[in-house]
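Observations on the model geometry
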Protein chains: 2
Amino acid sequence: MNDFTESTNCLDCTKSSACFKKLIPSELEFINQKKTQILYKKGETICKQGAFSSYVLFISDGLVKLYLESPNNKNINIKILKTSEFIGLSSIYGENIYNYSAVALEDSSICLIEKESLRKLLNDNGNFASEIIKWYCANEKQLFNKIKSLGHKQMHGRLADTLLYLCDESFNQKELFSKLSRQDIADFSCISTESAVRLLAELKNEGIIKLEGKHIRIIDKARLIEISKKG
Amino acid sequence: MNDFTESTNCLDCTKSSACFKKLIPSELEFINQKKTQILYKKGETICKQGAFSSYVLFISDGLVKLYLESPNNKNINIKILKTSEFIGLSSIYGENIYNYSAVALEDSSICLIEKESLRKLLNDNGNFASEIIKWYCANEKQLFNKIKSLGHKQMHGRLADTLLYLCDESFNQKELFSKLSRQDIADFSCISTESAVRLLAELKNEGIIKLEGKHIRIIDKARLIEISKKG
DNA sequence: ATAAATAATTGATATTATTCAATATTTCGA
DNA sequence: TCGAAATATTGAATAATATCAATTATTTAT
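Residues numbered from 1 in each chain as written. Chains lettered and ligands numbered in written order. Predicted model: local features only at pLDDT ≥ 70, side-chain atom pairs only at ≥ 80, totals over all residues. Heavy atoms only, no water.

Further remarks concern the pairing of strand 8 (residues 108-114) of chain A. Residue and element names in this part refer to chain A. Most of strand 8 sits out of view: 6 of its 7 residues are buried. Sheet topology note: the strand 1 (residues 35-40)/strand 8 ladder contains 6 bridges and is antiparallel. By the bridge assignment for strand 8, T36 is matched with L112. (Buried < 20%, exposed > 50% of the residue type's maximum accessible area, 1.4 Å probe, protein only. Helix = DSSP H or I, 4+ residues; strand = E, 2+ residues; numbered from the N terminus. Pairing = 2+ DSSP bridges.)

This part takes up the protein's contact with DNA strand C. By nearness alone, 15 residues border DNA strand C, and R182 and R198 of chain A together with Q154, M155 and S195 of chain B come closest of all. Of what DNA strand C places within 4 Å of the protein, 67% of the atoms are sugar or phosphate. In the environment of DNA strand C, a phosphate oxygen lies 3.5 Å from a nitrogen or oxygen atom belonging to the side chain of Q154 of chain B. If you list the elements that add at least two residues to the surface near DNA strand C, you get helix 6 (182-189) and helix 7 (193-205) of chain A together with helix 7 (193-205) of chain B. Of the residues belonging to the surface near DNA strand C, the class tally is 4 nonpolar, 5 polar and 6 charged. (Near = heavy atom within 4 Å. Polar contact = N/O pair within 3.5 Å; in protein donor to acceptor, adjacent residues only side chain to side chain. Nonpolar A, V, L, I, M, F, W, Y, C, P; charged D, E, K, R; others polar.)

Relating one copy of the chain to the other requires a rotation about an axis plus a shift along that axis. It takes a turn of 180° to lay chain A on chain B, together with a shift of 0.0 Å along the axis; the resulting RMSD is 0.0 Å. The superposition operator between the copies reduces to a two-fold rotation axis. The C-alpha atom lying nearest the rotation axis in chain A is that of G126 of chain A; the distance is 2.0 Å. Take the interface residues of chain A: 100% of them recur as interface residues in chain B, which is what a same-surface contact looks like. (Least-squares fit on C-alpha atoms with pLDDT ≥ 70 in both. Contact = heavy atoms within 4.5 Å.)

The next subject is the domain arrangement of chain A. Residue and element names in this part refer to chain A. Once the domains are mapped, chain A shows domain 1 (3-128) and domain 2 (149-230). Here the C-alpha centroids of domain 1 and domain 2 sit 28 Å apart. Facing 12 residues of domain 1, the contacting portion of domain 2 comprises 11 residues. When the two sides are added together, the surface that domain 1 and domain 2 hide from each other amounts to roughly 1000 Å², 59% of it contributed by carbon and sulfur. Of all residues in domain 1, the largest losses of buried area upon contact with domain 2 belong to N77, I80 and K82, amounting jointly to 46% of the total for that side. Inspection of the region where domain 1 meets domain 2 yields 2 salt bridges. Across the pair K179 and E106 runs a salt bridge, and its minimum N-O distance is 3.0 Å. At the junction of domain 1 with domain 2, the criterion picks out 6 residue pairs in polar contact (both at pLDDT 80 or more). Elements represented by at least two residues in the side of domain 1 that touches domain 2 include exactly strand 4 (63-69) and strand 5 (75-82). (Domains from an automatic or database assignment. Buried area = accessible area lost by both parts, 1.4 Å probe. Salt bridge = Lys/Arg side-chain N within 4 Å of Asp/Glu carboxyl O.)

Residues and elements named next belong to chain A. If you walk through the whole model with that rule in mind, you get 17 aromatic pairs over all chains. On the basis of an interplanar angle of 80° and a centroid distance of 4.9 Å, the ring pair of W135 and Y136 is categorised as edge-to-face. The class of W135 is partly exposed, set by a relative accessible area of 25%. Since its relative accessible area comes to 1%, Y136 is described here as buried. Here the aromatic cluster, defined as three or more aromatic residues joined through ring pairs, consists of F20, F58, F86 and F128. The ring of Y67 has K65 sitting right over it, with the charged end atom 5.4 Å from the ring centre. We note K82 situated over the ring of F171; from NZ or CZ to the ring centre the distance is 4.8 Å. (Phe/Tyr/Trp six-rings, centres within 6.5 Å; stacked < 30°, edge-to-face > 60°. Lys NZ or Arg CZ within 6 Å of the ring centre and 35° of its normal.)

With 41 residues of chain A at the contact, the number on the chain B side is 41 residues. Around 3800 Å² of area is buried between chain A and chain B when both sides are counted, 67% of it from carbon and sulfur atoms. In this structure, E95 of chain A and K141 of chain B form a salt bridge, with 2.9 Å as the shortest nitrogen-oxygen distance. Connecting chain A to chain B are 12 residue pairs in polar contact (both at pLDDT 80 or more). Among the secondary structure elements, those contributing two or more residues to the side of chain A that touches chain B are strand 4, strand 5, helix 2 (115-124) and helix 3 (126-152) of chain A. Of the residues contributing to the side of chain A that touches chain B, the split by class is 19 nonpolar, 13 polar and 9 charged.

Residue and element names in this part refer to chain B. Spatially, 2-7-4-5 is the arrangement adopted by the 4 strands of the open sheet, whose pairing is antiparallel. Each edge of the sheet is formed by a strand with only one pairing partner; in this case those strands are strand 2 (45-47) and strand 5 (75-82). Averaged over all pairs of adjacent strands, the angle between strand axes in this sheet comes to 30°, irrespective of strand direction. Judged from the 2 bridges that link them, strand 2 and strand 7 (residues 101-104) form a sheet pairing that is antiparallel. Bridged to C47 within strand 7 is A102. Seen against the sheet, helix 6 (residues 182-189) touches strand 4 (63-69) and strand 5 and runs at an angle of roughly 105° to strand 5. (Axes fitted to C-alpha atoms, helices over the stretch in contact; angles between N-to-C directions.)

Okay, structure coming up:
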């Protein structure tokens, strides 16, 4: 993010997500009263797995890495979140804790929204709730893909999945890779950092990817997809 | 399931899920018009991954195994669904296909509900939608647990997770295990059938579980949890 | 600009888990 | 009830992957 002069009023927020468009002005005003906006510096932890979840978070501007922590001090990277995405939506119901951790990959402006207020809106406004459900549908599909990748593919396929995900056009790739380490890439694939490095070198030698400093560029996407499918 | 004389009218259905309790009588009547009830025999496929999803399914009475299929002809078992649970809820929005397959573990009575009608109810009734979101919150947590299990644990920990899940009181265990093969147990853990068999024998020898025909009984739950945690 | 800290790379080895093969057991239909 | 088919079990060989150790490159803080 670059601009911190961005308005903090929900009514004319340009970074708003699809679901907020379903709110009527009075509801937007209501939610505006119930939120605070906070700036997280690059590297700061935005939410911590297991911690008490007082708020649902919304990225008003920034880039965030979402990951699961395991007791053995290893992480599983789940996804990269961009501006206009929620963090910790699922803490709204159920247990009062965050199911994952999130760290700012760049300076990020985050809206903290009171869970109670969000719940009220969900109950009052079915259109709003439906948009949230839409989000959950897409989210579930993504998690199933992760499970398929981890459950049945071996290293090569898993790394291919990671690269295909990270190289998606929807990310500013140069930017993104400059903020990710080999360990991050390994943690997306759930392989050791050393294996990630070795496999990346292999892919480079076969002309499937190009390593330009930290940036990874896919040269032969078809073959990478092939590797992903083969597992 | 035992009784097929069960009423098929949503208004006095005793197998209804929490969310339907949020519907007003006219809405229940509406949904009653928009559903059909079908009996699936044991072993029959209720929904197929990738197939066109015309309906959202609801188990009015039965027991169902939900699993992901991978191209290499291997399956990942996700969960066992019981009476009053939805199948394929996420096909309601997004792509018009089922993200997973489901098979009847016993003769099961399934309600097929028109997606369009369900969408209407979600838009009209925020309380109903909120209950669905509650379900998604719990569902997400479960999927994260699966990801943690697959991503970082090795065979022992993964099998322990499977056994702890399957031996939960919420299932009729004798019944359940009689319907699951070693392959099923392996597919929950994403390990080979042979490995599952070997590890079960190990656990038996160490007095952690007891093998009684097809039924598996946990003797030393504390140690099994230990194994699960250690990974 | 430089030293210290961190991250990336590579090779050798050890561990983990699958596959293949052979045998035993159970289930199921005629 | 019998025999075929499916499922379960066990062992040995092989493959996949992590770990450990050493080295090089990069980043960061002074």
